[in-house]
Amino acid sequence: MREVPDFPLPGVVFRDLTPVLADPDALRAVVDALQDKIDDSTQVIAAIESRGFLLGAALGYGWRYGVVPLRKPGKLPVVADSVSYDLEYGTASLELPADAIQPGQRVVVVDDVLATGGTAEAACTLVERAGGIVTGVSVVLEIAALGGRSRLAGREVSALLAV
């Protein structure tokens, strides 16, 4: 993992997992470790744009989950729902594709980093409003000092590494 100071804004330290994703053995180890933490009843991965897509696709292929991309606004042709949320350095929104999550489906939310928890909370909200059941939130890295886990109270949260 690489730390990039002052990105995307001064004072923010960006945790870049590109070196991990670029190394085939490291990528395999991370995906396998994420899978070990996913509830056995899970049917679908809700993958958060954009690095969550990479992890979600690998998990979906390797363990036969469906994968639903949660996108930034303007990227989907048909949107079922949208949620706006706060980041540590601004605001953002996520959108759920129409007809992607069925009522009662068991869904794990996957992303690379859990920081303030706004993105993961928005993802869980989208899944739940579609009638899905969140089986957990699974990330590679948790920045514990930002308290993101507290915004996900009542949900199973797993992080491979906390800093």
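Computed from a predicted model, the values in this text were never measured in an experiment. (Residues numbered from 1 in each chain as written. Predicted model: local features only at pLDDT ≥ 70, side-chain atom pairs only at ≥ 80, totals over all residues. Heavy atoms only, no water.)

**Quick look at the overall build of the protein chain**
Here's step 1: Along its length, the protein chain carries 4 helices and 9 strands.
Here's step 2: The secondary structure elements of the protein chain, listed N-terminal to C-terminal, are β-β-α-α-β-α-β-β-β-β-α-β-β.
Here's step 3: The C-alpha radius of gyration of the protein chain comes to 15 Å, within 12% of the 15 Å expected for a compact globule of 163 residues.
Here's step 4: Seen along its three principal axes, the alpha-carbon backbone of the protein chain occupies a region of about 40 × 35 × 30 Å.
Here's step 5: The proportion of buried residues among the 163 residues of the protein chain is 44%.
Here's step 6: Nonlocal contacts in the protein chain, meaning residues at least 24 apart in sequence, comprise 58% of its contacts between residues at least 6 apart.
Here's step 7: Charge-centre separation for the protein chain: the mean point of 14 positive side chains lies 2 Å from the mean point of 21 negative side chains. (Helix = DSSP H or I, 4+ residues; strand = E, 2+ residues; numbered from the N terminus. Rg over C-alpha atoms; globule rule 2.2 N^0.38 Å. Buried < 20%, exposed > 50% of the residue type's maximum accessible area, 1.4 Å probe, protein only. Contact = heavy atoms within 4.5 Å. Lys, Arg positive; Asp, Glu negative; His and termini not counted. Charge placed at Lys NZ, Arg CZ, Asp CG, Glu CD.)

**Overview of the environment of G74**
Here's step 1: Of note, G74 is situated in the loop between strand 4 (66–70) and strand 5 (79–87).
Here's step 2: Residue G74 is classed as exposed on the basis of its relative accessible area of 72%.

**Some details on the pairing of strand 8 (residues 133–142)**
Here's step 1: With 9 of 10 residues buried, strand 8 lies mostly within the body of the structure.
Here's step 2: Crossover strand 7 (residues 106–114) to strand 8 through helix 4 (residues 118–129) is right-handed. (Right-handed = clockwise from strand over helix to strand, strands pointing away.)

**Points about the sheet that holds strand 4**
Note: strands within a sheet are paired through backbone hydrogen bonds, in either parallel or antiparallel orientation.
Here's step 1: Strand order in the open sheet formed by 5 strands is 4-3-7-8-9, and the pairing between neighbours is parallel. Looking at the sheet topology across the chains shown, the edges are occupied by strand 4 and strand 9 (157–162). Shown here is a sheet whose adjacent strand axes are inclined to one another by a mean of 20°, direction ignored.
Here's step 2: One ladder, built from 8 bridges, connects strand 7 with strand 8; its direction is parallel. Across the sheet, residue V109 finds its bridge partner in strand 8, namely V137. (Pairing = 2+ DSSP bridges. Axes fitted to C-alpha atoms, helices over the stretch in contact; angles between N-to-C directions.)

**Some details on helix 4**
Here's step 1: With 12 residues, helix 4 extends 16 Å from end C-alpha to end C-alpha; this agrees with the ideal 16 Å at 1.5 Å per step.
Here's step 2: Every buried residue of helix 4 is accounted for by G118, T119, A120, A122, A123, C124, L126 and V127.
Here's step 3: On its buried face, helix 4 sits against strand 3 (44–48), strand 4, strand 5, strand 6 (90–97), strand 7 and strand 8. (Expected span 1.5 Å × (residues − 1).)

**Structural notes on the nonpolar core**
Here's step 1: In terms of nonpolar packing, the biggest core is built from 24 residues, with L70, L94, V109, V127, V137 and L152 touching the most fellow members.
Here's step 2: Only strand 3, strand 4, strand 5, strand 6, strand 7, helix 4 and strand 8 provide two or more residues apiece to this core.
Here's step 3: Looking at this core element by element, the count peaks at 6 residues for helix 4.
Here's step 4: What V127 contacts, discounting residues up to four positions off in sequence, is A46, I101, V107, V109, G132, I133 and V134.
Here's step 5: V31, I38, I45 and V110 belong to the second-largest nonpolar core, a separate cluster that totals 14 residues. (Core = buried A, V, L, I, M, F, W, Y, C linked by side-chain atoms within 4.5 Å.)

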